[in-house]
Amino acid sequence: QFQLAVPVAVVFAPGSVPGDLPRPLPFRDVQEMEISVNLRPSITSHYEMIYRRTTAQEEAALDVATAREADAALHTLQDASLGSLTMYVLPETSSLLPQGISVYVGKHRSALVRAGGGLATLRTRLRQLTQVMSFTASSIAAALSDRVPDGQLGPDARRHLKSSLGYEITFSLLNPDPKSHVVDWDIEDAVNRYVQPVLDKLSLVANFSVDSQILYYAVLGVTPRFDKESSSFLLSAHSLPHVINPVEARLGSSAASLYPVLNFLLYVPERSHSPLYIQDKDGAPVSTNAFHSPRWGGIMIYNVEAPASPQVSLPLHVDVDMVRVMEVFLAQLRLLFGLSREELPPEFLLETPGNEGLADWELDRLLWAHTVENIATVSTTLNSLAQLLDKIGNIVIKDDVASEVYQAVASAQRAMAELAVGHLGLAFQASKEAVTSSERAFFDPSLLHLLYFPDDQKFAIYIPLFLPMAVPILLSMAKIVREARQRKKEPTKMD
């Protein structure tokens with residue numbers, strides 16, 4: 001039974017304390033909520049709220065001009081542990097929040113909330129806010145998507161990558177027409193400037209490796225349709241799934257990989273199919289000219305401007321605008337990790353994460369989901385292993401395999417216990433250890449079921465070998481027994 005505890009500090013600035021508080025500040029309160037997922041294990045969320053007043057340092061940090069400056073100043077004063085949240089309640093007349101904005105969510109693990117309407121209204125806003133910054137029923141259901149019936153899952157639940165100990169990211173430039181285009185992209189600098197800060201932030205979640213390649217004469221495998229009105233070629237939404245397989249056959253990156261591979265492809269159309277645009281389901285052009293495939297990656301089409309004069313010598317030299325390309329790829333990366341921002345009420349304002357690509361609370365949101373998914377994966381793996389061992393009665397389980405199973409169970413129980421007390425970082429590490437141990441046990445070479453034969457197969461193999469030898473031996477033994485019986489029956493001679 002999952003119990004997910006979220007430590008939340010509700011800090012009242014001067015002039016923001018509601019008059020209908022049940023007790024004088026400071027005090028504790030626990031709000032419990034059942035997460036409705038159609039599963040046998042129940043999932044309960046505990047929001048452990050601590051209500052208190054601001055300290056002198058926090059008041060000084062709030063005495064600034066903008067909410068962004070306040071968020072930066074408060075970052076050094078708040079609890080920085082993974083999974084913890086701090087909500088600062090401001091007076092209704094505060095000028096920190098823009099007009100019409102009631103809630104400001106910062107880049108770190110804090111938010112500014114405008115007071116007003118008493119404790120009931122405040123609690124409603126805090127409940128919305130804690131779900132935005134930690135987990136919702138849909139994010140937990142997506143983490144347990146393999147166990148939840150399809151009807152209960154949202155449309156994006158299976159878009160996210162499965163939890164893994166590592167991921168490989170491959171950036172590929174596809175140039176199907178090198179006779180017409182010489183394409184130059186500074187992928188190394190772009191990865192260092194735009195992708196690496198995001199991966200540094202995600203290093204808590206998993207290990208990442210990044211590589212790149214350029215593929216020549218690699219075509220999409222789908223012939224685009226020519227549109228006379230716009231004098232361009234179009235790829236419709238229903239033809240996009242047919243693009244993946246022909247391209248993937250050329251990539252060759254996932255064949256030797258131990259971990260899931262994320263493919264990000266930049267496709268420069270051949271001169272005979274330029275310019276090439278993607279249409280959505282309604283027939284409108286896609287603004288980014290890109291699309292993504294769930295749990296696989298994304299493809300962006302990069303059109304080259306036609307030369308002003310038809311007499312220009314070929315091939316044309318093309319310098320790729322990496323800023324525009326990386327904006328699209330990073331947005332697709334966020335989608336694949338389930339970091340897309342949900343629809344929020346209009347009075348909510350979310351700060352952009354900046355160069356790091358994701359806010360601290362978004363990292364926590366990812367860790368909550370991955371921890372729950374890891375524990376469920378360990379349960380599934382060990383159940384499958386137990387069923388395998390039940391089927392093979394004479395299997396030999398070595399001591400190191402047994403110790404891995406014990407370690408997996410102990411780590412999973414430790415992760416559950418840490419989740420129940422709100423220690424997200426420790427819970428996630430324990431869940432990773434549990435996954436590692438369970439997979440070592442499951443994939444141990446000594447437990448390969450082909451090494452062990454059922455008894456009927458043994459008889460089928462050995463009877464043809466031993467039967468020719470056994471017949472004369474059995475006949476001889478029968479003859480010896482018969483002769484012995486006859487000797488007993490014959491009367492003995494008496495002198």
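Quick caveat, the model's predicted, so the values are computed rather than measured.

### Some points on the overall build of the chain
Thinking step 1. Helices and strands together make up the secondary structure of the chain, namely eleven helices and 17 strands.
Thinking step 2. For 495 residues, the compact-globule estimate of 2.2 N^0.38 gives 23 Å, and the chain exceeds it by more than 25% at 33 Å.
Thinking step 3. Once the C-alpha set of the chain is aligned to its principal axes, its extents read approximately 135 × 85 × 35 Å.
Thinking step 4. Scored against the burial criterion, the 495 residues of the chain give a buried share of 46%.
Thinking step 5. In the chain, once contacts between residues fewer than 6 apart in sequence are set aside, the share between residues at least 24 apart is 75%.
Thinking step 6. Approximately 26300 Å² of the chain is accessible, and the part contributed by carbon and sulfur atoms is 55%.
Thinking step 7. Taken together, the 42 basic and 55 acidic charged side chains of the chain have centroids lying 10 Å from each other.

### A few points about the packing of aromatic side chains
Thinking step 1. Tallied over the entire structure, the rule returns 13 aromatic pairs.
Thinking step 2. A centroid spacing of 6.2 Å and a plane angle of 15° characterise the contact between F12 and Y51, whose relative ring orientation is stacked. A residue pair is termed long-range when its members are at least 10 positions apart, and F12 in strand β1 (residues 2-12) and Y51 in strand β3 (residues 43-53) qualify at 39 residues. Like Y51, F12 is buried.

### Quick notes on unusual backbone geometry
Thinking step 1. Residues L25 and P26 are joined by a peptide bond in cis, for which omega reads -5°.
Thinking step 2. Position of P26 relative to the elements: it lies in the loop between β1 and β2 (27-35).
Thinking step 3. For the peptide bond that leads from S274 to P275, omega is -10°, which places it in the cis range.
Thinking step 4. Tracing the backbone shows P275 in the loop between β12 (261-267) and β13 (276-278).
Thinking step 5. In this structure, Y217 is a non-glycine residue whose phi angle is positive, near 60°.
Thinking step 6. Note that Y217 resides in the loop between β9 (207-216) and β10 (225-227).
Thinking step 7. Phi is positive for N289, close to 55°, though the residue is something other than glycine.
Thinking step 8. Its place among the elements puts N289 in the loop between β13 and β14 (290-293).
Thinking step 9. The class of N289 is buried, set by a relative accessible area of 7%.

### A word on the sheet that holds β10
Thinking step 1. Ordered by their spatial adjacency, three strands build an open sheet running β10-β11-β13, and the pairing between neighbours is mixed. Each end of this open sheet is capped by a strand with a single partner; those strands are β10 and β13. Strand-to-strand twist in this sheet, taken as the mean axis angle between neighbours without regard to direction, amounts to 40°.
Thinking step 2. Here strand β11 (residues 232-235) runs beside β13; their pairing, made up of three bridges, is parallel. In the sheet register, L234 faces β13, and the bridge partner there is Y277.

### A look at the environment of S16
Thinking step 1. Examined against the element boundaries, S16 turns out to sit in the loop between β1 and β2.
Thinking step 2. As for S16 and G118, which are separated by 102 residues in sequence, their C-alpha atoms are 9.9 Å apart.
Thinking step 3. Here A13 takes part through its backbone oxygen, which lies 2.6 Å from a polar atom of the side chain of S16.
Thinking step 4. Only 3.0 Å separates the side chain of S16 from the backbone oxygen of V89, close enough to count as a polar contact.

### Side note on the environment of V191
Thinking step 1. Here V191 is to be found in helix α5 (residues 187-202).
Thinking step 2. The exposure class of V191 is buried, given its relative accessible area of 10%.
Thinking step 3. Separated by 157 residues in sequence, V191 and F348 have C-alpha atoms that sit 32 Å apart.
Thinking step 4. Not counting chain neighbours up to four residues away, the residues in contact with V191 comprise F171, Q196 and V210.

### Focus on the UniProt feature "transmembrane region" (unreviewed entry) in the chain
Thinking step 1. Residues annotated in UniProt with the feature "transmembrane region" (unreviewed entry) correspond here to residues 459-481.
Thinking step 2. Taken as a whole, residues 459-481 contains 100% helix and 0% strand, while its terminal C-alpha atoms sit 28 Å from one another.

### Focus on the pattern of salt bridges
Thinking step 1. Summed over all chains, the structure comprises eleven salt bridges.
Thinking step 2. Ionic pairing is found between R52 and E58, a salt bridge with its closest N-O pair at 3.0 Å.

### Digging into the pairing of strand β7 (residues 166-175)
Thinking step 1. Most of β7 sits inside the fold, with ten of its ten residues counted as buried.
Thinking step 2. Both faces of β7 are covered, namely the face carrying G166, E168, T170, S172 and L174 and the face carrying Y167, I169, F171, L173 and N175.
Thinking step 3. With ten bridges connecting them, β7 and β9 associate as parallel partners. What sits directly across from F171, in β9, is S212.
Thinking step 4. Where β7 and β12 come together, seven bridges link them in parallel fashion. The residue of β12 that forms the bridge with E168 is V261.

### Quick notes on the nonpolar core
Thinking step 1. In this structure, L4, L129, M133, F171, L262, L266 and F337 are the most contacted members of the largest nonpolar core, which totals 85 residues.
Thinking step 2. Those residues in contact with M133 that lie beyond four places of it in its chain are L85, M87, V105, H108, R109, S110, A111 and W361.
Thinking step 3. Residues A218, L265, I278 and I301 belong to the second largest nonpolar core, which totals 20 residues.

### Things to note about the side chain of D444
Thinking step 1. Relative to the elements of secondary structure, D444 occurs in the loop between α10 (424-442) and α11 (455-489).
Thinking step 2. One buried charged residue, D444, remains without a salt bridge, the closest side chain of opposite sign being K398 at 4.5 Å.
Thinking step 3. Of the polar contacts made by the side chain of D444, one reaches the side chain of S446; its length is 2.5 Å.
Thinking step 4. Setting aside residues up to four positions removed in sequence, D444 forms contacts with K398, D400 and V401.

Definitions and limits used
- Residues numbered from 1 in each chain as written.
- Predicted model: local features only at pLDDT ≥ 70, side-chain atom pairs only at ≥ 80, totals over all residues.
- Heavy atoms only, no water.
- Helix = DSSP H or I, 4+ residues; strand = E, 2+ residues; numbered from the N terminus.
- Rg over C-alpha atoms; globule rule 2.2 N^0.38 Å.
- Buried < 20%, exposed > 50% of the residue type's maximum accessible area, 1.4 Å probe, protein only.
- Contact = heavy atoms within 4.5 Å.
- Areas by Shrake-Rupley, 256 points an atom, 1.4 Å probe, with all protein chains shown as cover.
- Lys, Arg positive; Asp, Glu negative; His and termini not counted.
- Charge placed at Lys NZ, Arg CZ, Asp CG, Glu CD.
- Phe/Tyr/Trp six-rings, centres within 6.5 Å; stacked < 30°, edge-to-face > 60°.
- Pairing = 2+ DSSP bridges.
- Axes fitted to C-alpha atoms, helices over the stretch in contact; angles between N-to-C directions.
- Polar contact = N/O pair within 3.5 Å; in protein donor to acceptor, adjacent residues only side chain to side chain.
- UniProt positions renumbered as here; feature names shortened; annotations may be inferred.
- Salt bridge = Lys/Arg side-chain N within 4 Å of Asp/Glu carboxyl O.
- Core = buried A, V, L, I, M, F, W, Y, C linked by side-chain atoms within 4.5 Å.

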